[in-house]
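Read off the chains here:
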Amino acid sequence: MSTVQTAPVDATAPIGHTLRFDAVTKRFDTGTVALTDVSLDVSPGEFVSVVGPSGCGKSTLLRLASGLESITVGEVDNRADVTSFVFQEPTLLEWRSAQKNVELVGELAHVPAAERRARAAEALSLVGLDGFEKQHPRALSGGMRMRVSIARALVAEPQLALFDEPFGALDEITRLRMQTELQRLFQLKGFAAMFITHSISEAVYLSSRVVVMSGRPGRIALDIPLPWSYPRPPELRYEPEFGAIAGQVSAALGEHS
Ligand SMILES: Nc1ncnc2c1ncn2[C@@H]1O[C@H](COP(=O)(O)OP(=O)(O)OP(=O)(O)O)[C@@H](O)[C@H]1O
Ligand SMILES: [Mg+2]
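First, a word on scope: everything that follows refers to the structure included in this document. Note that the structure is a prediction, hence the values are computed from the model and not measured.

Structurally, V210 can be placed in strand β9 (residues 209-213). Spatially, the C-alpha atom of V210 lies 33 Å from that of A121, the residues being 89 residues apart in sequence. When residues no more than four places from it in sequence are discounted, the contact partners of V210 are S49, V51, A203, V204, L222, D223, I224, L226 and V249.

In this section: the side chain of E103. Along the chain, E103 turns up in helix α2 (residues 98-108). At 3.1 Å, the side chain of E103 forms a polar contact with the side chain of R116. In contact with E103, not counting residues within four places along its chain, are R116, R117 and A120.

In the region of ligand 1, 15 residues are neighbours, and S54, G55, K58, S59 and T60 sit closest. T60 is positioned such that a nitrogen or oxygen atom in its side chain is 2.6 Å from an oxygen atom of ligand 1. A distance of 3.0 Å is found between an oxygen atom of ligand 1 and a side-chain nitrogen or oxygen belonging to R216. Protein chains bury 64% of the 640 Å² of accessible surface belonging to ligand 1 in isolation. Per element, the largest residue contribution to the shell around ligand 1 is three residues, and it comes from helix α1 (residues 58-66). For the shell around ligand 1, a count of residues per class yields four nonpolar, eight polar and three charged.

Below, the discussion takes up unusual backbone geometry. That bond from R216 to P217 is cis: its omega, -5°, falls within 30 degrees of zero. For P217, the position within the fold is in the loop between β9 and β10 (220-225). For the peptide bond that leads from Y230 to P231, omega is 0°, which places it in the cis range. Here H110, not a glycine, exhibits a phi torsion of approximately 60°, which is positive. Tracing the backbone shows H110 in the loop between α2 and α3 (113-126). Look at H110 and you get exposed, because its relative accessible area is 70%. Residue E157 is not a glycine yet carries a positive backbone phi of 50°. Tracing the backbone through its elements, the reader meets E157 in the loop between α4 (142-154) and β7 (160-164). Relative accessible area serves as the criterion here: at 42%, E157 is assigned to the partly exposed category.

I150, V204 and V210 are the most contacted members of the largest nonpolar core, which totals 52 residues. Looking at this core, the element that brings in the most residues is α4, giving seven residues. Once you skip the residues sitting within four places of it in the chain, I150 turns out to touch V86, V127, F167, M178 and L185. Residues L19, V38, L64 and M194 belong to the second largest nonpolar core, which totals 24 residues.

Moving on to the pattern of salt bridges. What the rule picks out here adds up to 13 salt bridges. The salt bridge involving E181 is made with R147; its shortest N-O contact spans 3.5 Å. Here R147 lies in helix α4 and E181 lies in helix α5 (residues 172-189), a separation of 34 residues in the sequence. In this structure R147 comes out as buried when scored by relative accessible area, which is 15%. Linking K189 and E157 is a salt bridge whose minimum nitrogen-to-oxygen distance equals 3.1 Å. A residue pair is termed long-range when its members are at least 10 positions apart, and K189 in helix α5 and E157 in the loop between α4 and β7 qualify at 32 residues. Residue class for K189 comes out partly exposed when judged on its relative accessible area of 27%. Linked through salt bridges whose partners overlap, the residues forming this network are K26, R63 and E69.

Criteria and cut-off values
- Residues numbered from 1 in each chain as written.
- Chains lettered and ligands numbered in written order.
- Predicted model: local features only at pLDDT ≥ 70, side-chain atom pairs only at ≥ 80, totals over all residues.
- Heavy atoms only, no water.
- Helix = DSSP H or I, 4+ residues; strand = E, 2+ residues; numbered from the N terminus.
- Contact = heavy atoms within 4.5 Å.
- Polar contact = N/O pair within 3.5 Å; in protein donor to acceptor, adjacent residues only side chain to side chain.
- Near = heavy atom within 4 Å.
- Areas by Shrake-Rupley, 256 points an atom, 1.4 Å probe, with all protein chains shown as cover.
- Nonpolar A, V, L, I, M, F, W, Y, C, P; charged D, E, K, R; others polar.
- Buried < 20%, exposed > 50% of the residue type's maximum accessible area, 1.4 Å probe, protein only.
- Core = buried A, V, L, I, M, F, W, Y, C linked by side-chain atoms within 4.5 Å.
- Salt bridge = Lys/Arg side-chain N within 4 Å of Asp/Glu carboxyl O.

Don't take any of this as a statement about function, it's just geometry.
The following block contains the structure:
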């Protein structure tokens, strides 16, 4: 399941953030402290990437945001009424077609059949899978399977989309193409995004802000806004300013890993 329903938006609450971590510490029952004193806002229309060394608590951060995991100290305020989760692996059901995988979200929410079919078809079309609706996951490429996974996340019209290294398993060319696609969907749909990645250039290319975390226990080492509007041309990756910012992120990672 990729869609997590959270509490309805409080209409009386002041508008400001979609997601807020306020001085969050997470200690697991095993005694492992995964995060310490993390404060971070994701505002509507923001695309925030989080990079950091393996084990610094990035996945934990997303699980706390979605309510899949409880916090130990501090507060998480998720104001989205629908939060979607995209995992590193597409996590599709092999015995269901692409269309039926995307429809599952509507089935579980008891959306009438005709409506959920139409919405699933629209979501698949949005991710460029027209004509592949009836294919099963094994008949799709890695990039196409990830597109189905993204369609499944977006079909519920989330205000907040959480991505845990969704392109980590893809080859470089597919990965660059998926970045362009995701940027287009982000602009079109207007969800706020929190995106985990190990790729500095992916983070800098996609994000309105990049957050760098230190090694475990994770804390925020750098939180840097990016100066470019969307859509961003692929050639941006070769601009000196892009290289300079990527260098800053890399230095913050190096100093703290
Ligand atoms: N359910 C759990 N119980 C106990 N410890 C956990 C649990 N989940 C994660 N951890 C620990 O918390 C720390 C952070 O894990 P997390 O998966 O958030 O790291 P990560 O930054 O996503 O790493 P990676 O980049 O390798 O995916 C690790 O030390 C991990 O062992
Ligand atoms: Mg992880």
